[in-house]
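Chain and residue survey
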Amino acid sequence: MLGNKVLKGVFLVGLGATSYGMLATFVKLAYDENYTTAEVTTSQFVLGILGLLLINLFQKNKKKGTVIKASGKNIFQLMLAGTSLGMTSVFYYLAVKYIPVSIGIVLLMQTVWMGVLLEWFLDKKAPSLQKILSVVIVLFGTALATNLMNSSIELDWRGMMWGLLAAASFTTTMFTANRIAVGISTSQRSLYMLLGGAVIVFGFALFTQTTPFNFAIFAKWGIILALFGTIIPPMLMNSGFPHTGIGLGSIVSSLELPVSVLMAYVILNESVVLSQWIGILLIILAIVIMNISLKKAKAN
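First things first, this report covers the structure right here in the doc. (Residues numbered from 1 in each chain as written. Predicted model: local features only at pLDDT ≥ 70, side-chain atom pairs only at ≥ 80, totals over all residues. Heavy atoms only, no water.)

A tally of helices and strands in the protein yields 12 helices and 0 strands. Taken from N to C terminus, the helices and strands of the protein fall in the order α-α-α-α-α-α-α-α-α-α-α-α. Relative to its 300 residues, the protein shows a buried fraction of 53%. For the protein, long-range pairs separated by at least 24 residues make up 90% of all intrachain contacts whose partners lie at least 6 apart in sequence. Entry remark: accessible area of the protein is about 14100 Å², with carbon and sulfur atoms responsible for 70%. (Helix = DSSP H or I, 4+ residues; strand = E, 2+ residues; numbered from the N terminus. Buried < 20%, exposed > 50% of the residue type's maximum accessible area, 1.4 Å probe, protein only. Contact = heavy atoms within 4.5 Å. Areas by Shrake-Rupley, 256 points an atom, 1.4 Å probe, with all protein chains shown as cover.)

Our next topic: the packing of aromatic side chains. Summed over all chains, the structure comprises 8 aromatic pairs. Following the ring pairs from residue to residue traces out a cluster consisting of F213, F215 and F218. Residue placement shows K124 over the ring face of F121; its charged tip is 5.0 Å from the ring centre. (Phe/Tyr/Trp six-rings, centres within 6.5 Å; stacked < 30°, edge-to-face > 60°. Lys NZ or Arg CZ within 6 Å of the ring centre and 35° of its normal.)

Among the structural elements, S43 can be located in helix α2 (residues 37-63). For S43, a relative accessible area of 0% gives the class buried. Separated by 3.0 Å, the side chain of S43 and the backbone oxygen of E39 make a polar contact. S43 has contacts with I217, F218, G222 and L225, leaving out every residue within four places of it along the chain. (Polar contact = N/O pair within 3.5 Å; in protein donor to acceptor, adjacent residues only side chain to side chain.)

Its identity is not glycine, yet N34 carries a phi of approximately 70 degrees, on the positive side. Counting through the fold element by element, N34 comes out in the loop between α1 (2-32) and α2. A relative accessible area of 69% means that N34 is categorised as exposed.

Next up on the list: the packing of helix α3 (residues 72-98) against helix α4 (residues 101-108). Between α3 and α4, the least distance of the axes is 8 Å, while the angle of their chain directions is 145 degrees. Considering only the axes of α3 and α4, their crossing is right-handed. Here α3 contributes T88, Y92 and V96 to the contact with α4, which in turn contributes V101, G104, I105 and L108. The residue makeup of the contact of α3 with α4, split by class, is 5 nonpolar, 2 polar and no charged. (Axes fitted to C-alpha atoms, helices over the stretch in contact; angles between N-to-C directions. Left-handed = near helix turned anticlockwise from the far one by under 90°. Nonpolar A, V, L, I, M, F, W, Y, C, P; charged D, E, K, R; others polar.)

To continue, consider the environment of N56. Counting through the fold element by element, N56 comes out in helix α2. Beyond its immediate stretch of four places on either side in the chain, N56 contacts S185, S187, Q188 and L191. Within polar-contact distance, the side chain of N56 engages the backbone oxygen of L52 at 2.8 Å.

This part takes up the side chain of T244. Looking at the secondary structure, you find T244 in helix α9 (residues 216-244). Judged by relative accessible area, which is 10%, T244 ranks as buried. Not counting the four nearest positions on each side in its chain, T244 is found in contact with V6, G9, V10, V13 and G249.

Structure (structure tokens):
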């Protein structure tokens, strides 16, 4: 039974990461139309909150009052934890202003080793050999998949700083998805975390938007950004991380990278060389290694 729950968690986290991986392409398309970071993040969070409000209302009516309501303490904890969700969006979008998107993704994927270290620190238990091996493979595959080894790129320290901060805040988001208010519904947890994140995003927009806000972003890209950035990923990840744990969950979430590369290849017509395809296969291999170990544990 435990093995089934973990595999279910792997599936949910994987789907969430896949959805989040699609986001970078849509953000880049929005940037190409001269929308600002404040406009992109604000539309994403506003429509995301509205979407989750509708989902919660639907679930409440469908289950006719049987839904466990979040307590005041739950709401406060989730909103506080959700600030990391807002910071992840802001930090990552700032990072790609100063460094190439491929490098930004590499930095964001540092959540792999950050997640394993955080789980080690919190649980006081050294990671398994499978987990260590998977982390090494994922990191090597990440470097190949972004074509980092074949590119001569001058890295701006500001982009590096924002990228690492994005990875750290995303690791915090994964931790909160695994530990806080797990007794209430996923849609409620996602909504309150999103409200907490909105505080960061709206504050950022207020202090950085120097031109009139272009509300056309809501109709043009807002719904897509909300679906793939603030509705689907947090709901699936909030459902999956309690079953996987932060270490395994962070490894599975690395699916975001190959999806980003594939989306850029198909939609943005970016060239993808052989070494990048090898990197994608290595990342998938790392996830397979983790699942094999889970099946063995289930058999025993």
